[in-house]
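# Commentary on secondary and tertiary structure
The primary structure of each chain is shown beneath.
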Amino acid sequence: MSTLDDRSGIEFEDESLVSPAAVSLKAHDLDSRAMEQPRNGLLGSISIVIFQSKLNVLLIFGPIALLVHDLTQHNGWVFFFSLLGIIPLAERLGYATEQLAFFTGPTVGGLLNATFGNATEMIISIYALKHGMVRVVQQSLLGSILSNMLLVLGGAFFCGGIVHYKKDQVFNKSAAMVNSGLLLMAVMGLLFPAVLHSTHTELHFGESEMALSRISSCIMLVAYACNLVFQLKSHKNLYAPVDEGGSPSEGGIDDDEVPEISTVEALIWLSILTVWVSFLSGYLVDAIEGASESLEMPIAFISVILLPIVGNAAEHTSAIMFAMKDKLDISLGVAIGSSTQISMFVIPFCVVIGWCMGQPMDLNFQIFETATLFMTVLVVAFMLQEGTSNYFKGLMLLLCYFIVSASFFFHVDPALGSR
């Protein structure tokens, strides 16, 4: 038998392992390791970001798209080459954001990835609004939400589940439920203008719908600003990553991983890549009509399905990459966080910008589109309520996206003739 002193010593050692001082020391060690800034220099940074990925051989198709546009004006080929040129840029966006997550943590890292990923949609939307392409703006933003919630999240769940097939991956259920609530609020903001228009119950025909959209947009912007305060300040512990037991973990930095580029380098590369993606995306939008004729596809299908797939390529790559590394909370922050940002910030912001430009941008996305979004939010909310994921949940989300894609392929937009 051990003596009382021996048992006391063992108990003291056990307590020291989980004491606040020990936890604080462990967190300090992680923070110190995470804050070690690599020193690559200009050539070293270019070598890592540009020449490290074999997928970057596709970068040449970006300049080719510009040449084809200037020399031949063949919109079908411009669309195709722009699509190929954006793919490696999207992958590098995901890489730069992952490097930045070493220094910011998974919550801010996911938010930054969603923001840089949505910069393309924001620039395209403002460009289209200037040319009065209101319906293209509405459909492309709606398609971005559907793509993020079904295709991106489904791809992350599926690939992560295949790699970690022996277990269910876990994520922070509380944070996911907050985002689901915000998405339902966005559905409410889009639903009432559509219903008001469809039921012909406007107080002032042609004016009440627009006024309601602008008031709702301002409220949604305030709600999104409050969400940022809630997420980054007052309740940031709610968004901490969780371990397999559902308890908060130490922030998602792996022991065997170290950053390859510094914070400043990551921010610079994110800015450069975002500008180039946005530039190519402008050519992509200009070629939509020509591509529609060449591919014999409806413009609505290209706007809602094909265009968002390209615009969300960065989120898709990042979410899958993080899920395969069992960093599912960052994947959720990218996919669901991006959907929340588009629905609660980008769409209302476009309504306000259209208001300033004198363009009739409103929240009436038509009944078919709004119903599709409502069902998508419900399906995803049910998938997230348990706080776990596996490859079958991902497969179901992917199949749901295929159903949505088929629906829009056979859908004729009734608003094209009136807007």
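Here the structure is shown first, and the text comes after it.
In short, a report on the structure. Everything numeric in this text was worked out from a predicted model, so none of it was measured.

Another point: the packing of helix α8 (residues 173–198) against helix α15 (residues 367–384). Taken N-terminus to C-terminus, the directions of α8 and α15 make an angle of 165 degrees; their axes are 9 Å apart at the nearest point. The pairing of α8 with α15 is recorded here as roughly antiparallel in orientation. In this structure, α8 meets α15 at a crossing whose hand is left-handed. For the pair α8 and α15, contact is made by Lys173, Ala176, Met177, Ser180, Leu183, Leu184, Val187, Leu190, Leu191, Ala194, Val195 and Ser198 and by Ile367, Thr370, Leu373, Phe374, Val377, Leu378, Ala381 and Leu384, respectively. Among the residues making up the contact of α8 with α15, the classes are represented as 16 nonpolar, 3 polar and 1 charged.

Attention now goes to a nonpolar patch on the surface. Together, Ile162, Tyr391, Phe392, Leu395, Leu399 and Phe402 give the surface a local cluster of nonpolar side chains, amounting to about 570 Å² of exposed area. Residue contributions to the nonpolar patch peak at 5 residues, all from helix α16 (residues 391–409). Mapped onto the secondary structure, Tyr391 falls in helix α16. On the basis of relative accessible area, Tyr391 is assigned to the partly exposed category, the value being 41%.

The next thing to look at is the packing of aromatic side chains. Where two aromatic rings form a pair, the distance of their centres and the angle of their planes describe that pair. Inspection of the entire model under this criterion finds 12 aromatic pairs. Summarising the aromatic geometry, the rings of Trp77 and Phe80 are spaced 6.0 Å apart at their centres and angled 80 degrees between planes, so their arrangement reads as edge-to-face. Separated by 3 residues within a single helix, Trp77 and Phe80 lie in helix α5 (residues 75–104), roughly one turn from each other. Since its relative accessible area comes to 38%, Phe80 is described here as partly exposed. Note on Phe368 and Phe408: the rings are 5.3 Å apart at their centroids and 80 degrees apart in plane angle, and the pair reads as edge-to-face. Of this pair, Phe368 sits in helix α15 while Phe408 sits in helix α16, and the two are 40 residues apart along the sequence. A network of ring pairs unites the aromatic residues Phe61, Trp77, Phe80 and Phe81 as a single cluster.

In this section: the pattern of salt bridges. What the rule picks out here adds up to 3 salt bridges. Put simply, Glu369 and Arg135 hold a salt bridge, and the shortest N to O gap is 2.7 Å. Here Arg135 lies in helix α7 (residues 134–163) and Glu369 lies in helix α15, a separation of 234 residues in the sequence. Here Glu369 matches Arg135 in class, with each residue buried. In this structure, Glu386 and Lys393 form a salt bridge, with 3.4 Å as the shortest nitrogen-oxygen distance. Looking at Lys393, the relative accessible area reads 10%, which means it is buried.

To continue, consider unusual backbone geometry. At Asp326, a position not held by glycine, the phi torsion is positive, near 60 degrees. Examined against the element boundaries, Asp326 turns out to sit in the loop between α13 (313–324) and α14 (328–357). Here the phi dihedral of Gln366 falls at roughly 75 degrees; this positive angle occurs in a residue that is not glycine. Structurally, the position occupied by Gln366 is in the loop between α14 and α15.

Calculation notes
- Residues numbered from 1 in each chain as written.
- Predicted model: local features only at pLDDT ≥ 70, side-chain atom pairs only at ≥ 80, totals over all residues.
- Heavy atoms only, no water.
- Axes fitted to C-alpha atoms, helices over the stretch in contact; angles between N-to-C directions.
- Helix = DSSP H or I, 4+ residues; strand = E, 2+ residues; numbered from the N terminus.
- Parallel < 35°, antiparallel > 145°, perpendicular 65-115°, else oblique.
- Left-handed = near helix turned anticlockwise from the far one by under 90°.
- Contact = heavy atoms within 4.5 Å.
- Nonpolar A, V, L, I, M, F, W, Y, C, P; charged D, E, K, R; others polar.
- Patch = residues over 30% accessible without salt bridge, like charges linked within 9 Å, V, L, I, M, F, W, Y side chains within 5 Å.
- Areas by Shrake-Rupley, 256 points an atom, 1.4 Å probe, with all protein chains shown as cover.
- Salt bridge = Lys/Arg side-chain N within 4 Å of Asp/Glu carboxyl O.
- Buried < 20%, exposed > 50% of the residue type's maximum accessible area, 1.4 Å probe, protein only.
- Phe/Tyr/Trp six-rings, centres within 6.5 Å; stacked < 30°, edge-to-face > 60°.

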